[in-house]
Amino acid sequence: MLLLVPAGEVFAQVWHAERDNTARNVRSESASPVSLSYHPVADWKAAVAAWNFEKGDYHRPDRPAGKSELDLSVQEVGTLGNVRTQGLLQYRNTREFERNWNSLTGNDPDNPYTLGDTVADDATTERFDLEGALSWNIGSRWIAAGKIGLTTARLTDTRDPRPSNDFSRIPFTLGLEYRQGEGWSAGLYGGAELFFSQFAYSLEDGQTAYRYYKMKGMGDYFAFSSSESASAPREYSGAAWRVGINMALTRSRLENFMELGFETGSENARDGGAAYEWKAGDYRYTRLTFLERLDIKGTLRQSVVLQASLKLMDGFWYDQKQRTDTEHGNLSYYEIMSRYKNNAGSRLTVEACYRVSRAQSWGMSAGATLLAEGHTHYTDGDPRKQAWNLLECKADAWKTFPVGAHTLDLWAGVGYRLPLGEAVYATGNAASAKDDISEAYVAPVFAYETSARLHAFLRADWVFAPVGQLCPGVFVKGHILKAGTAWYGASAGAFLRF
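Quick notes on the rules
- Residues numbered from 1 in each chain as written.
- Predicted model: local features only at pLDDT ≥ 70, side-chain atom pairs only at ≥ 80, totals over all residues.
- Heavy atoms only, no water.
- Core = buried A, V, L, I, M, F, W, Y, C linked by side-chain atoms within 4.5 Å.
- Buried < 20%, exposed > 50% of the residue type's maximum accessible area, 1.4 Å probe, protein only.
- Helix = DSSP H or I, 4+ residues; strand = E, 2+ residues; numbered from the N terminus.
- Contact = heavy atoms within 4.5 Å.
- pLDDT = per-residue confidence, 0-100.
- Pairing = 2+ DSSP bridges.

Another point: the nonpolar core. One broad trend across soluble globular proteins is that nonpolar side chains are buried collectively. Judged by nonpolar contacts, the single largest core of 22 residues is most densely connected at F199, Y201, Y212, A232, Y236, Y283 and Y285. Elements with a contribution of two residues or more to this core: strand 8 (184-201), strand 11 (234-251), strand 13 (278-296) and strand 14 (301-325). Sorting elements by how many residues they give to this core places strand 13 first, with 4 residues. If we ignore the near neighbours within four places in the chain, the residues touching Y212 are G116, D117, P161, Y201, L203, F222, A223, F224, S226, S229, A230 and A232. W101, Y213, Y221 and I437 belong to the second largest nonpolar core, which has 9 residues in total.

Here we take up the environment of G238. Counting through the fold element by element, G238 comes out in strand 11. When residues no more than four places from it in sequence are discounted, the contact partners of G238 are E193, L194, F195, S266 and E267.

So, about the confidence of the model for the chain. Close inspection of predicted coordinates is inappropriate in any region flagged by low pLDDT. Averaged over all residues, the pLDDT of the chain is 91; the fraction at 70 or higher stands at 95%. For residues 1-13, every residue scores under 50 in pLDDT, and the model assigns this stretch 31 contacts once sequence neighbours within four places are set aside.

Attention now goes to the sheet that holds strand 9 (residues 211-217). Sheet architecture is open: 3 strands sit in the order 4-9-10, paired in antiparallel fashion. Among the strands making up the open sheet, the edge pair consists of strand 4 (115-116) and strand 10 (220-225). Direction of pairing for strand 4 relative to strand 9: antiparallel, over a ladder of 2 bridges. Note that in strand 9 the partner of G116 across the bridge is Y213.

Below, the structure is given as structure tokens:
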């Protein structure tokens, strides 16, 4: 059902539906799709076209020096009787500038077993995201919900050694909640995710030899030349499982929601394509999550949110020896001599936040995040260790201004991250000074992750008065990350509700 409402209300409900939902839905941070039934926005459809640009010197060495991106999306929330639906279709075409060291896309960002080269060049990624969710109120006591998605992407490069990477992810989650009147409810959820990635290099100039880096963690690598294997084919296969329980209590003007979650996943790398199998690292992780939110309803909607996450990461490497099968055409294969843990890490994140807002008028929030992270890479010599603690404080505010039949919305935020204590940086023993990439790769990554930095953004949205059942608008946004050097970003776009 399409609704004709004032422009200001359209803005609050559609173009910042996530902000509105966060303010008015005590379950908005929940991992369960049941939260869709409590979404305050009932029916809307929208299309968004945006252009994003980012560039600067403040970035990791294995990340691009900038990007230019076209972002198109169509989204919908609908209600039919006791059923609520939500859908999203998004296309992104991203051109990244001066990308090197890591030629992959789509992997877990903590996976240490990456593949790359040192030729900095522009790369293009086309990505499609499809997502659908449904929640069903079964009578007055039960809610059943499900959510499924599909992400596919392809990264290509136009300069030798020309990496090409295709990946896909398929996540799904099921949720169930039991309600005892308006006083309390209890629920659970469970889900899984499948991941597959295929990678290969291609060369137009076969006379030039390029060096490939098969990363083993913290600057340790297995290197080989394109003259040995021009394409360096690799596949990743992975899966993840997640479960959780939650409970909500309502007393007069107070709402309280609590959730505990558990997730475990893996990504295994395999080189060789159809020719042979060379195991390039098994990555495992486990994540525990906790969410506690207390809402105070009234003219002002206030929320106190506490979130915590503990991620434990392990990586396993294989010692392999090349063999030749003389009885079957002298085929080469790799025999596994041993499998052992060569990476271990942990990340603890604790966040506290206070939010207050007045419906479709103004809002503000302030919070702090504490991060404690440590990694160890085991080598034949001394283990390489890194550890650091960070505290980030941030605040933001938004205000809606009616301008005749139109609406202007301004949203600004600022944050500052600072190190706590002394960071630990020990690279261990390198094979030789010639082969050591600590100065070129490991040290800049560590410096980026542990640096103090300032983050600020400003966004302005202009929503035109409705024309029949259509409500158009435009927006611009700018942001900056600064830590000695800076990273700048700008976005602009148009949207249409129908």
